[in-house]
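Each chain, letter by letter, is given below.
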Amino acid sequence: SVGKGLLDMCRNDGWTLFRNSDLITGGLGKKSLGDGSKKGLFFRYIRDVNPKAACEAMGRISKLSARWITNRGFTLGISDV
């Protein structure tokens, strides 16, 4: 059962919600971050804030990704190359 007010927080929803720079719900993947379309997070960041802030956000996400891969591990097979 879902408590009152949690109906909007379904993991299966196709959107991402941030509040005060915290990820509240949703996932961050290639499609939501920016796959070249005008629906991605980075395009909206450029449009709504400014390009410099979007570059800083990209840099922070790349550092976070590198740290996550370092801590969790990552494997790549010959057939993946």
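Refer to the structure above for everything that follows.
A brief report on the enclosed structure follows.

What counts as what
- Residues numbered from 1 in each chain as written.
- Predicted model: local features only at pLDDT ≥ 70, side-chain atom pairs only at ≥ 80, totals over all residues.
- Heavy atoms only, no water.
- Helix = DSSP H or I, 4+ residues; strand = E, 2+ residues; numbered from the N terminus.
- Contact = heavy atoms within 4.5 Å.
- Areas by Shrake-Rupley, 256 points an atom, 1.4 Å probe, with all protein chains shown as cover.
- Pairing = 2+ DSSP bridges.
- 1 Å grid on protein atoms, 1.4 Å probe; cavity = no way out; pocket = protein on both sides within 12 Å on 5 of 7 lines; lining within 4 Å.
- Points joined across faces, edges and corners; volume = space filled by probe spheres on them.
- Nonpolar A, V, L, I, M, F, W, Y, C, P; charged D, E, K, R; others polar.

1. Looking at the overall build of the protein chain
Summing up its helical and strand segments, the protein chain has three helices and two strands in all. Taken from N to C terminus, the helices and strands of the protein chain fall in the order β-β-α-α-α. Partitioning the contacts of the protein chain with sequence separation of at least 6, the portion at a separation of at least 24 is 3%. Only carbon and sulfur atoms are counted for the fraction: they give 55% of the accessible area of the protein chain, which is about 7,300 Å².

2. Overview of the pairing of strand E2 (residues 22-25)
Sheet topology places strand E1 (residues 17-19) next to E2; three bridges connect them, and they run antiparallel. Within E2, the residue paired with phenylalanine 18 across the bridge is leucine 23. Taking the residues that link successive antiparallel strands as the turn, the E1-E2 hairpin has two residues, and the phi of asparagine 20 there is positive, at about 55°.

3. A word on the layout of surface pockets
Quantified by volume, the largest pocket comes out at close to 540 Å³. Considering the residues around the largest pocket, the lining is formed by 16 residues, among which Phe18, Ser21, Leu41, Ala57 and Ile61 are closest to the centre. Sorting the residues of the lining of the largest pocket by element identifies E2, helix H2 (41-48) and helix H3 (51-72) as the ones contributing at least two each. Per element, the largest residue contribution to the lining of the largest pocket is seven residues, and it comes from H3. Considering only residue class, the lining of the largest pocket consists of eleven nonpolar, two polar and three charged.

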